[in-house]
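# A look at the structure
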Amino acid sequence: MADGEAPPDWGTRLRETLRKYRYALSLFVLAVGILLCVLALGDFIGPLAASPPFTSIDPVTDGTWNGGSGANYNLAFAIVGPIVFIIGAYLTGAYILARRRFEHLMATKSKAEFLRNIPDLEQVLWDLTPADEERYFRRRTELKIRR
C-alpha cells in the first residue's frame, strides 16, 4: 500500500480471499453437502439409522426422537443437503475444467498461437486464482506481447 492510500474495504478483501481460495472453498461446500445428505439418509433409511454412528447422531439432530418436542433438523438436511451438494459439485467442476483449459492454452510454444488464445485465456481467468493471472502476465511479458 502506497503512502496516502486508503486500506481496501472489507468487501474488496473478501472478494480477493474468495478468489484466492476458490478451489478449497468449492471442495468445502461439496463436503458439507455430502455430510448433510449422509446425515439425512442416516435418519430416514431404516437399516442405516440403526448403525452405530447414527444411533448417537440422531438424538442430537432429531428433537422428536424418543418423544421429545424439539425440531427435527434431519428434515432440513434432506432439503438443504442436495442443494448444497449440487452447488459444491458445480463450483468444483467449473474450477477443474477452467484449470484444465488454462493449462492447455498456456502450454503453447508459438507466439502466434498464444495471441490467438488470448481471448480464451482471459475468459478462463475469471474462474481461476490471482496466481494464475500472474502466470498469464509473466507469459505475455516473456513472449513480449503488449496489450
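For the structure, check the block above.
The structure reproduced in this document is the subject of the present report. As the structure is a computational prediction, the values presented were derived from the model and not from experiment. (Residues numbered from 1 in each chain as written. Predicted model: local features only at pLDDT ≥ 70, side-chain atom pairs only at ≥ 80, totals over all residues. Heavy atoms only, no water.)

## Section: the packing of aromatic side chains
To be explicit about the condition: For Phe, Tyr and Trp, rings pair up if their centres lie within 6.5 Å, where Trp contributes its six-membered ring, and each pair is then called stacked (planes under 30 degrees apart), edge-to-face (over 60) or tilted (otherwise). Labels follow the DSSP assignment, with helices taken as runs of H or I lasting at least four residues and strands as runs of E lasting at least two, numbered in each case from the N terminus. The buried label applies to any residue whose accessible area, calculated with a 1.4 Å probe on protein chains only, is under 20% of its type's maximum; exposed applies above 50%, and partly exposed to all values in between.
Counting across every chain of the model gives three aromatic pairs. Where Tyr-23 meets Tyr-95, the ring centres are 4.8 Å apart and the plane angle is 25°; that geometry is what we call stacked. Of this pair, Tyr-23 sits in helix α2 (residues 22-44) while Tyr-95 is found in helix α5 (residues 73-106), placing the two residues 72 residues apart along the sequence. Given the relative accessible area of 32%, Tyr-23 is considered partly exposed. An aromatic cluster is present here, built from Phe-114, Tyr-136 and Phe-137 joined pairwise through their rings.

## A short note on α5
The following threshold applies: Here, expected helix span is obtained from the residue count minus one, scaled by 1.5 Å. One fitted axis covers the seven residues ending at a residue, a second covers the seven starting there, and the bend at that residue is the angle between these axes. By definition, residues are in contact when any of their heavy atoms lie within 4.5 Å. Definition of a polar contact: a pair of N or O atoms within 3.5 Å, with one able to donate and the other able to accept a hydrogen when the atoms are protein atoms, and with sequence-neighbouring residues admitted only if both atoms are side-chain atoms.
In this model α5 runs 47 Å from its N-terminal to its C-terminal C-alpha over 34 residues, within 8% of the 50 Å that 1.5 Å per residue would give. At Val-80, α5 is bent by approximately 30°, the largest bend along its length, and proline Pro-82 sits one to four residues beyond. Restricting attention to buried positions, one finds in α5 the residues Asn-74, Phe-77, Gly-81, Val-84, Gly-88, Thr-92, Tyr-95, Ala-98, Phe-102, Leu-105 and Met-106. In this structure, the buried side of α5 is in contact with α2, α4 (52-61), α6 (111-124) and α7 (130-142). Residue Asn-72 occupies the N-cap position of α5, its side-chain oxygen lying 3.2 Å from the main-chain nitrogen of Asn-74.

## Details of unusual backbone geometry
Even without being a glycine, Lys-144 presents a positive backbone phi close to 60°. The residue Lys-144 is located in the segment after α7 in this model. With relative accessibility at 69%, the residue Lys-144 sits in the exposed group.

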